[in-house]
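So the chains spell out like this:
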Amino acid sequence: MDHYLVSARKYRPSTFDSVVGQRALTSTLKNAIASGRLAHSYLFTGSRGVGKTSCARIFAKTINCEHPTADGEACNECASCRAFNAGNSLNIIEMDAASNNGVDAMRELVDQVMVAPTQGRYRVFIIDEVHMLSNAAFNAFLKTLEEPPAHVIFILATTEKHKIIPTILSRCQIYDFNTISIRDMVDHLKMVAANEGIAAEDSALALIARKADGAMRDALSIFDQVAASSRNNITRAAALESLNMLDHALFLRLLDAFLKGDVAQTWLIYKEVRSRGFDSHFFIAELAAFMRDLMVAREPATASLLDADASEAAQLTEAAQKCTPGFIYRAMCLLNEADLNYRTASGKQFLVELTLAKICQSVRPSTNSGRAGGQLKPIDRPAAPAEPAKVAKIANVEPMPMPAPKAPTPAPTLRPVGRGPTLRGRAQAASDERKPEATLTTQRSNPFTREAFVKAWETFMAAHPREQILVNTMRASVPQAAEGKDHAFVMTVANDMQLDLMGRQMPALLTHLRGSLENDLITIDVELETGPGSSSTWTEREVYENMRATIPSFSKFIADFELTLG
Ligand SMILES: [Zn+2]
């Protein structure tokens, strides 16, 4: 065991070409070195384990190499290269700002900057996690960063570029490192496995890469761990076992159950997950990630967003074709909701089971509801697998506004206003209650003349020729505009019977008036006439004669419809 080196160290890249997953960036660096165009300070940014420090070390070695290759790589044979590879070159100084963030450590470094190299051409200062430097340390460093001696090159590295102040950013050449894709990691792990004589299934390496979450260094450590526990035979089962990961196959089974609306089956699969010792919150998160992968695998345009090895990608793409985007979206929303509520839920298992049931129910959206997963179809009716095109069509018609329900026939309610009891048309109240829907269409507010109002009033009467009392009441009491209001009218009636009658007719009447005059603001208060000399003392004949005299169009209306007093 003396010679056992962990893979992360043994396979640390020693040339730019051996850095995994940063091809574009390393070739830019190589070109800069080959053409001799070196900056004084570089900023390497990217998440942990993507090769920032490795690249910085290779860079330092390459610019000091006595016989660099034509394409800008170090020879790895000269005295300088050997010193670098053995880790005892004096031309590379590394400082971890996370643990040395004070001004004293920085002053020490600045002092070293002044010392010229005894061997080689450049001294390279690598400051890792540079965003951790204190303000005082930053200030002590700034002057040196602005005007470093010719033999000095700074390489600043950070996982949090947004924390770097502009003064530093503007003085550095910036290199953004990619997160390493699963495919790149799998390729690298395959190479390591072959070198070490370890048997490894591709899909097992993909699991290791997934677990490493973009960090090559972690992937290599995990690789060592799985190799040890599986006695150098890395199968998918062994990897799943030792990494405590949920298999895609389980989620594919779960998906089938969702698409069949088989709630019971989803609960059984969930029980299997629990009995294998997995945390329910982890299960929700993994299922959400699986749904997200399905979503991107569904369309060729987003397939590049899928980070998976080839066989896994093919499985996901096939599974995604069985789903509508609407279903996947609703499932993602439900899982997100469960994730947010998980911590505070008193019954965690219940929360997960309910979520699984909701996902089953959301395979086909209800036509009544625009909300994702809002409306559930009956749980006891197993659904056939979704037909993509059909469901998409239903989803498309969802936003249509519902037709306004017919106003109920109201019992007139009376309230005293002004001279006597009045009655506000119930249709007004009814339409107020419908406001949320009504806002879908714009409210009409056309101006109209008194004449147009009377005409609309008359056509309503004409539409009810058999309802003599109504026609007579309306004829006798054409509403007057309420003072100070544009669209509010007051109708004065002679007795309780008329008050009652108008109350019942008001919804239909208002609908008619608002429709003909294209104005939804019209309201009519009905009042009982109580004052002296009131119209209640008029006979029908008097009313009739009065209207003929005061409303010009009335005579014509009488003639046109051949009306007579009953
Ligand atoms: Zn060399």
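Residues numbered from 1 in each chain as written. Predicted model: local features only at pLDDT ≥ 70, side-chain atom pairs only at ≥ 80, totals over all residues. Heavy atoms only, no water.

**Looking at the overall build of the chain**
So, step 1. Along the chain, the regular secondary structure elements total 25 helices and twelve strands.
So, step 2. Counting all 566 residues of the chain, 46% fall into the buried class.
So, step 3. When contacts within the chain are restricted to residue pairs at least 6 apart in sequence, those whose partners lie at least 24 apart make up 73%.
So, step 4. Put simply, the chain shows about 29300 Å² of open surface, and 53% of that area lies on carbon and sulfur atoms. (Helix = DSSP H or I, 4+ residues; strand = E, 2+ residues; numbered from the N terminus. Buried < 20%, exposed > 50% of the residue type's maximum accessible area, 1.4 Å probe, protein only. Contact = heavy atoms within 4.5 Å. Areas by Shrake-Rupley, 256 points an atom, 1.4 Å probe, with all protein chains shown as cover.)

**Let's talk about the coordination of the zinc ion**
So, step 1. At 2.2 to 2.3 Å from the zinc ion lie its protein donor atoms, namely Cys65 (SG), Cys75 (SG), Cys78 (SG) and Cys81 (SG).
So, step 2. Coordination at the zinc ion comes from four donor atoms whose angles at the metal span 100 to 120°, giving a geometry best classed as tetrahedral.
So, step 3. Between the donor residues of the zinc ion, the gaps in sequence give the motif C-x9-C-x2-C-x2-C. One end of the pair, Cys65, is in the loop between helix H3 (52-64) and helix H4 (79-86); the other, Cys78, is in the loop between H3 and H4, and 13 residues separate them in sequence. (Donors = N, O, S within 2.8 Å, 3.2 Å for Na, K, Ca; no water. Tetrahedral: all angles 85-135°; square planar, octahedral: opposite > 155°, others 65-115°.)

**Details of the nonpolar core**
So, step 1. Ranked by size, the top nonpolar core spans 55 residues in total, and within it Tyr42, Phe44, Phe59, Ile155, Ile208 and Phe223 carry the most contacts.
So, step 2. Domain assignment of the residues forming this core places at least three in each of domain 1 (7-176) and domain 2 (182-243).
So, step 3. Setting aside its immediate chain neighbours within four residues, Phe223 contacts Ser7, Leu189, Val192, Ala193, Ile198, Leu205, Ile208 and Ile234.
So, step 4. Counting 43 residues, the second-largest nonpolar core is a separate cluster that includes Val263, Phe290, Leu335 and Ala357. (Core = buried A, V, L, I, M, F, W, Y, C linked by side-chain atoms within 4.5 Å. Domains from an automatic or database assignment.)

**Here we look at the environment of Ala288**
So, step 1. By secondary structure assignment, the location of Ala288 is in helix H14 (residues 280-298).
So, step 2. A sequence separation of 40 residues divides Ala288 from Ile328, and the C-alpha atoms of the two residues are 9.8 Å apart.

**A short note on helix H9 (residues 202-212)**
So, step 1. By the criterion of burial, H9 is predominantly enclosed, with eight of the eleven residues buried.
So, step 2. Those residues of H9 that sit buried are Ser203, Ala204, Leu205, Ala206, Leu207, Ile208, Ala209 and Ala212.
So, step 3. Two residues or fewer past H9, Asp213 is found with a positive phi of approximately 55°.

**Structural notes on the side chain of Asp520**
So, step 1. Examined against the element boundaries, Asp520 turns out to sit in the loop between helix H23 (496-517) and strand S12 (523-528).
So, step 2. A polar contact is formed between the side chain of Asp520 and the side chain of Arg444, at a distance of 2.8 Å.
So, step 3. In this structure, Asp520 is in contact with Thr442, Gln443, Arg444 and Arg514, ignoring residues within four places of it in sequence. (Polar contact = N/O pair within 3.5 Å; in protein donor to acceptor, adjacent residues only side chain to side chain.)

**A short note on the sheet that holds strand S2 (residues 92-96)**
So, step 1. Strand order in this open sheet of five strands is S2-S3-S4-S1-S5, and the pairing throughout is parallel. Across the chains shown, the open sheet's two edge strands, defined by having one partner strand only, are S2 and strand S5 (173-176). For this sheet, the mean angle separating the axes of adjacent strands, direction not counted, is 20°.
So, step 2. Here S2 runs beside strand S3 (residues 123-128); their pairing, made up of five bridges, is parallel. (Pairing = 2+ DSSP bridges. Axes fitted to C-alpha atoms, helices over the stretch in contact; angles between N-to-C directions.)

**A closer look at H23**
So, step 1. The largest bend in H23 amounts to roughly 55° and is located at Met506, with the proline Pro507 lying one to four residues further along.
So, step 2. Structurally, the start of H23 carries an N-cap: the backbone nitrogen of Met497 is 3.2 Å from a side-chain oxygen of Asn495. (Bend = angle between axes of the 7 residues up to and from the residue.)

**Here's the deal with unusual backbone geometry**
So, step 1. One non-glycine residue, Glu129, lies in the positive phi region at around 50°.
So, step 2. Considering the arrangement of structural elements, one finds Glu129 in the loop between S3 and helix H6 (135-146).
So, step 3. Phi is positive for Arg231, which is not a glycine, with a value near 50°.
So, step 4. In this fold, Arg231 is placed in the loop between helix H10 (216-229) and strand S7 (233-234).

**What about the packing of H10 against helix H11 (residues 236-243)?**
So, step 1. In contact at an axis separation of 10 Å, H10 and H11 are set at 110° when each is read in the N-to-C sense. Taken together, H10 and H11 sit at an angle that is classed as roughly perpendicular. As for the relative orientation of H10 and H11, their crossing is right-handed in sense. Within the contact between the two elements, H10 uses Ile222, Gln225, Val226 and Ser229 and H11 uses Ala239, Ser242 and Leu243. (Parallel < 35°, antiparallel > 145°, perpendicular 65-115°, else oblique. Left-handed = near helix turned anticlockwise from the far one by under 90°.)

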